[in-house]
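Next come the chains, spelled out residue by residue.
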Amino acid sequence: MRILLVEDDATLRDVMLRSLTDAGHRVDVAASMEEADYLWRVQPFDAVLLDLNLPAGPGPGSPLGSGLTVLRQARSRGDRTPVLVLTARNRTDERIAGLDAGADDYLGKPFELPEVDARLRALVRRAQGTDDVALVGQLKLDRRARRFFIGNAPLDLPAREFEVLWELMSPPGHAVSKRVLSNKLSSFDDALGDNALEAFISRLRKKLLGSGAGIRTLRGIGYLLEGDA
């Protein structure tokens, strides 16, 4: 998944960034309301992890603002990206305010890092209408285990090929454009070009031979994962 992490505490932000990256996600970070609003407007995300107590702008001395402002602005322009709000555990008023502003879930501090990842995955599954297990032919994606299988045999893939196949199966049977794939698999400092994407698709096609699943190119649209005819 591509996630926007909005957190002004540098230590906590770095720990969460490493945890989410190690879990296989692409993460963009913002430390202020201004940065969060900008990134959220210019880049589509699968989910947003939002702290409520934020400085209004970058740099020391910036006045304190609220992540609720950024959330309300996103919802007012019709953005329905799933949002997990981080709150102080004993602040019921913050939790209620976040949910009323359009948050999908909340998590009180301090929290366990694996729970953050689990809650984000649950929010995205709910938003996309996907199940824990997806099947195309003999190709199976177990989202909870974050593993692919062909029949009962694990299909181990390099990170980028894994991410491409994950997107094509979320859910399977729908076309995914090159632009969407590139956005999902890139960060602002690491763009994925068309040639690299086509190379990943080519390798995946070879690895899926005999699985009953194949990747079809839809000219001018993108790619579609479907069962072999």
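What counts, and where the lines are drawn
Residues numbered from 1 in each chain as written. Predicted model: local features only at pLDDT ≥ 70, side-chain atom pairs only at ≥ 80, totals over all residues. Heavy atoms only, no water. Axes fitted to C-alpha atoms, helices over the stretch in contact; angles between N-to-C directions. Helix = DSSP H or I, 4+ residues; strand = E, 2+ residues; numbered from the N terminus. Parallel < 35°, antiparallel > 145°, perpendicular 65-115°, else oblique. Left-handed = near helix turned anticlockwise from the far one by under 90°. Contact = heavy atoms within 4.5 Å. Nonpolar A, V, L, I, M, F, W, Y, C, P; charged D, E, K, R; others polar. Core = buried A, V, L, I, M, F, W, Y, C linked by side-chain atoms within 4.5 Å. Buried < 20%, exposed > 50% of the residue type's maximum accessible area, 1.4 Å probe, protein only. Pairing = 2+ DSSP bridges.

Draft legend 1. Spotlight on the packing of helix α1 (residues 10–22) against helix α5 (residues 113–128). Closest axis-to-axis distance for the α1/α5 pair is 10 Å, and the angle between their directions is 60 degrees. Taken together, the axes of α1 and α5 are oblique relative to one another. Crossing hand, α1 versus α5: right-handed. Listed contacts from α5 to Val15, Met16, Ser19 and Leu20 of α1 are Leu113, Val116 and Leu120. Residue classes in the contact of α1 with α5 are distributed as six nonpolar, one polar and no charged.

Draft legend 2. Representation of the nonpolar core in the model. In this structure, Leu139, Phe148, Leu165 and Leu225 are the most contacted members of the largest nonpolar core, which totals 26 residues. Looking at this core, the elements that each hand over two or more residues are β8 (133–136), β9 (139–142), α6 (159–168), α7 (178–185), α8 (194–207), β12 (213–218) and β13 (222–227). A per-element tally of this core places α6 first, with five residues. Val6, Val48, Leu50 and Val85 belong to the second-largest nonpolar core, a separate cluster that totals 20 residues.

Draft legend 3. The sheet that holds strand β6 (residues 83–88), seen in detail. With parallel pairing, the five strands of this open sheet are ordered in space as β2-β1-β3-β6-β7. Sheet topology places β2 (26–30) and β7 (105–109) at the edges, where each strand pairs with a single neighbour. In this sheet, adjacent strand axes meet at a mean angle of 20 degrees when their direction is disregarded. Inspection of the sheet shows strand β1 (residues 2–6) paired to β2 by five bridges, in the parallel sense. Following the sheet pairing, Leu4 is matched in β2 by Asp28. Seen against the sheet, α5 touches β1, β3 (47–51), β6 and β7 and runs at an angle of roughly 175 degrees to β7.

Everything listed here is a matter of coordinates, which is why it stays silent on function.
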